[in-house]
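In case you want the letters, here they are:
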Amino acid sequence: MSSTHTTVERAHEHAPRMPFAERVPEFYRAMVRLETAAAKDVDPVLYHLIKIRASQINHCAFCVDMHSKDALAEGESVERIVQLSAWEESRHFYTERELAALALTEAVTVLTDGFVPDEVYALAAAHFEETELARVIAAIVTINAWNRIGVTTRMTPGHYEPGAP
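Residues numbered from 1 in each chain as written. Predicted model: local features only at pLDDT ≥ 70, side-chain atom pairs only at ≥ 80, totals over all residues. Heavy atoms only, no water.

Asker: How do you make sense of unusual backbone geometry when you look at a structure like this?
Answerer: The phi torsion of most residues other than glycine is negative, and most of the peptide bonds are trans. We note that D41 has phi near 65 degrees; this positive angle belongs to a residue other than glycine. Of note, H59 is a non-glycine position whose phi angle comes to about 60 degrees, a positive value. One can find H59 in the loop between α3 (44-57) and α4 (61-73). According to the relative accessible area criterion, H59 is exposed, its value standing at 67%. (Helix = DSSP H or I, 4+ residues; strand = E, 2+ residues; numbered from the N terminus. Buried < 20%, exposed > 50% of the residue type's maximum accessible area, 1.4 Å probe, protein only.)

Pasting the structure below:
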């Protein structure tokens with residue numbers, strides 16, 4: 001048996017379709033301001049879970065990479081991040097508030113039936129007072145907007161470093 005390592009060649013990394021922020025800087029700055037407003041007074045742990053889960057649903061690899069790294073840098077566990085894609089089957093990793101926010105995140109992100117079901121909204125409303133709930137909704141809406149930018153312009157994952165300029 002040989003002890004040499006086999007080099008595995010990975011698939012080609014795609015390039016972004018366009019430098020979006022350079023093409024529409026005023027819009028991009030407005031999105032950054034929206035992000036700042038959406039994050040205001042939202043528990044950072046919850047905010048990361050919302051951003052990662054919406055990004056997973058929307059297949060935004062850049063945002064999954066970015067927000068997972070940010071969450072890890074701020075002390076989130078690998079286990080909770082990994083389990084997010086199957087949170088309904090791994091509920092015991094999350095608090096009841098987090099579960100309510102994740103259900104709302106999925107309902108707002110997917111809108112399969114064209115609306116957010118009453119029971120999903122009622123569950124979230126039971127765990128968040130009205131202003132908190134409005135902030136959670138703002139967080140969900142904002143990450144969905146970022147995801148649409150990321151997937152449309154094919155932002156490339158893997159190069160983001162938390163805290164880097």
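Asker: Teacher, can you tell me more about the UniProt feature "domain: Carboxymuconolactone decarboxylase-like" (unreviewed entry) in the protein chain here?
Answerer: Within this structure's numbering, the places UniProt gives as "domain: Carboxymuconolactone decarboxylase-like" (unreviewed entry) are residues 25-106. Across residues 25-106, helical content stands at 72% and strand content at 0%; the span's end C-alpha atoms are separated by 30 Å. (UniProt positions renumbered as here; feature names shortened; annotations may be inferred.)

Asker: Could you clarify how one ought to interpret the pattern of salt bridges in this entry?
Answerer: A side chain with one charge can pair with a side chain of the opposite charge if their charged atoms come near. One pass over the full model with this rule turns up 9 salt bridges. A salt bridge links R91 to E96, with the shortest nitrogen-to-oxygen separation between them at 4.0 Å. Among the residues examined, R91 registers a relative accessible area of 40% and is labelled partly exposed. Put simply, K40, D41 and R135 are held in one network by salt bridges that share partners. (Salt bridge = Lys/Arg side-chain N within 4 Å of Asp/Glu carboxyl O.)

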